[in-house]
Amino acid sequence: MTDEIDATGALEASGLGKKYRRGWALRDVAFRLPAGRICALVGPNGSGKSTLLSLAAGLLTPTTGTVRVFGRPASDPGTRERIAFVAQDKPLYPRFSVADTLRLGRELNPRWDQSAAERVVAEADVPLSARVGSLSGGQRTCVALALALGKRADLLLLDEPMADQDPLRRRRMMGSLMAEAAERGTGVVISTHVLAELDGVCDYLLLMGGGRIRLAGGTDALQAAHRLVTGPSATGGGTPDALARHTVVESRTTGRQLTALIRPEGAPAGDGWIVTEPSLEDVLLGYLRAPDAPPMFTAEARATVTEVGA
Ligand SMILES: Nc1ncnc2c1ncn2[C@@H]1O[C@H](COP(=O)(O)OP(=O)(O)OP(=O)(O)O)[C@@H](O)[C@H]1O
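This structure is a prediction, so every number in the text was calculated from the model and none was measured. (Residues numbered from 1 in each chain as written. Predicted model: local features only at pLDDT ≥ 70, side-chain atom pairs only at ≥ 80, totals over all residues. Heavy atoms only, no water.)

So, the confidence of the model for the protein
Of all residues in the protein, 95% attain a pLDDT of 70 or more, and the chain-wide mean is 88. Across the protein, element-level confidence peaks in strand β10 (residues 212-218) with a mean pLDDT of 97 and bottoms out in helix α1 (residues 3-8) with 48. Note that residues 1-6 has pLDDT below 50 and, in this model, 10 contacts with residues that lie over four places away or in other chains. Confidence estimates for the predicted assembly give a pTM of 0.91 and an ipTM of 0.98. (pLDDT = per-residue confidence, 0-100. Helix = DSSP H or I, 4+ residues; strand = E, 2+ residues; numbered from the N terminus. Contact = heavy atoms within 4.5 Å.)

Set out below in C-alpha cells:
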C-alpha cells in the first residue's frame, strides 16, 4: 500500500445521491472509509446498499455529489483497476469452464494472481474443468470471488457474497477472504444481512436506512460509544429520569423493567441500573428496531470534503 492510499482513504462520499425513475435510492450520503479496513455494509432491504456499492464501483453515475476511491472519482478508468466488485447477480459466461473463466481474468488484469484465484475454487471443491453454467448458485459465487481475489485489487466490493453459501462454506470462505485481505492490506466492503457473520471479522461498519447512512465508523469505537442499560421503567411510560440526559437509541419495557440502548453523556445511569457494553449485534439490532434514532459518525468516518446534496 502506498502513502497516498493511506492519506486519502479507500472510499469517501460527499453529498452523494442517486435517483431512479421511482425516486431517490440514496440521499445526502457522506462518509469516509479509511484504507485497509474490513467494512460491513448493513441495512434493511431496499435501504440503498447495492446502489452505494455500484456507485463506488463506478457502474452507476451519481445524481448528486461524489464518491471517491483512493482520492479519485469512482468512474476513472485507473480507479476501476484497483477495485474488484462482486455484484449480487454475478455475471459470468455460462459456456466457459472455470479454468477458461480464470484465464480470461488473467488476460484482463495486469496484476492477476492465478494461485490466489485457484485457491478459492479449490477450497470450495469446484472443479476447474466444470462449465460455469452447470454450477450451483453457491459455486458460481465462489468463481466470482476467485475472479475478485485474483485481480489483486486494493478494494473489494462484495454485495451479499455469502447469501447462497451453506454455513460451513460461508465460514471457510469468510476466513480465507479475510486472511487474504489482512495479508495484503486490501480493503473490503461486504454487504450482508447475517449480523452474526460480522463479529470478530469486520472492523468498520456502515449501517444504512432509507437511503442514508445511520451509523459509520470503527466497530470498537461504535461499541464503546453505546451502553445497554437495564433498570426500573418510568411510572406511566416514557423515558425514566435516570436516562433523560442520554441519547436513547431504542428501549423496550418488560413488566416494570426497561432495557435500553443508549449513547451515554457522562456516567451511564444511576443506582439500581445494570450497565453493560453491547455487542456489535446489540448495537445494530437497536438501530434496526429504531429507524428514527439519531445517526452517529465516529471522527474517522466523517467525510473531509463537503459538498451540498440535492
Ligand atoms: N435499477 C433500478 N431501477 C429503479 N429502482 C431501483 C433500481 N435499483 C434499486 N432501485 C430502488 O432503489 C432502492 C434501493 O435499492 P438497493 O438495491 O440499493 O437496496 P439494498 O439495500 O441493496 O436492498 P437489498 O438488501 O434488498 O439487496 C430500492 O427502493 C429499490 O427499489
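A few points about the domain arrangement of the protein
Along its sequence, the protein is carved into domain 1 (1-82 + 153-219 + 295-309), domain 2 (92-145) and domain 3 (222-294). Put simply, the middle of domain 2 and the middle of domain 3, counted by C-alpha atoms, are 48 Å apart. (Domains from an automatic or database assignment.)

Points about empty space enclosed by the protein
The tally for this structure, following the rule as stated, stands at 2 cavities of 30 Å³ or more. Looking at the largest cavity, its volume works out to about 60 Å³. If you go around the largest cavity, the residues you meet are Ala148, Leu149, Arg152, Ala153, Leu156, Leu177, Glu180, Ala181, Arg184 and Thr186. For the lining of the largest cavity, the elements supplying multiple residues, two or more each, are α6 (137-150) and α7 (167-184). Ranked by the residues each element gives to the lining of the largest cavity, the list is headed by α7, at 4 residues. Residues that form the lining of the largest cavity fall into these classes: 6 nonpolar, 1 polar and 3 charged. Counted as a void, the second largest cavity has a volume near 40 Å³. (1 Å grid on protein atoms, 1.4 Å probe; cavity = no way out; pocket = protein on both sides within 12 Å on 5 of 7 lines; lining within 4 Å. Points joined across faces, edges and corners; volume = space filled by probe spheres on them. Nonpolar A, V, L, I, M, F, W, Y, C, P; charged D, E, K, R; others polar.)

Digging into the packing of aromatic side chains
For any pair of aromatic rings, the description consists of the separation of the ring centres together with the inter-plane angle of the planes. Summed over all chains, the structure comprises 1 aromatic pair. Centroid distance Tyr93 to Phe96: 4.9 Å. Interplanar angle 35 degrees. Geometry classified as tilted. With a relative accessible area of 52%, Tyr93 lands in the exposed category. Sitting above the plane of the Trp24 ring, Arg27 keeps its charged end 4.2 Å from the centroid. (Phe/Tyr/Trp six-rings, centres within 6.5 Å; stacked < 30°, edge-to-face > 60°. Buried < 20%, exposed > 50% of the residue type's maximum accessible area, 1.4 Å probe, protein only. Lys NZ or Arg CZ within 6 Å of the ring centre and 35° of its normal.)

Structural notes on the site of the ligand
For the ligand, the set of nearby residues contains 14 residues, the closest of which are Asn45, Gly46, Lys49, Ser50 and Thr51. Separating an oxygen atom of the ligand from a side-chain N or O atom of Asn45 is a distance of 2.9 Å. Here Gly46 contributes a backbone N or O atom positioned 2.8 Å from an oxygen atom of the ligand. In isolation the ligand offers 640 Å² of accessible surface; the protein chains occlude 63% of this area. According to the grid-proximity analysis, the pocket containing the ligand is the second largest pocket. It is helix α2 (residues 49-56) that provides the largest number of residues to the shell around the ligand, a total of 3 residues. (Near = heavy atom within 4 Å. Polar contact = N/O pair within 3.5 Å; in protein donor to acceptor, adjacent residues only side chain to side chain. Areas by Shrake-Rupley, 256 points an atom, 1.4 Å probe, with all protein chains shown as cover. Sits in = over half its atoms within 2 Å of the grid points.)

What about the sheet that holds strand β4 (residues 64-69)?
Sheet architecture is open: 4 strands sit in the order β2-β1-β4-β5, paired in antiparallel fashion. Pairing within the sheet leaves two strands with one partner each, and these edge strands are β2 (23-33) and β5 (72-73). Across 5 bridges, the pairing between strand β1 (residues 11-20) and β4 is antiparallel. The residue of β4 that forms the bridge with Gly17 is Thr64. Against the sheet, α2 makes contact with β1, β2 and β4, and its axis sits at roughly 120 degrees relative to β1, the strand it touches most. (Pairing = 2+ DSSP bridges. Axes fitted to C-alpha atoms, helices over the stretch in contact; angles between N-to-C directions.)

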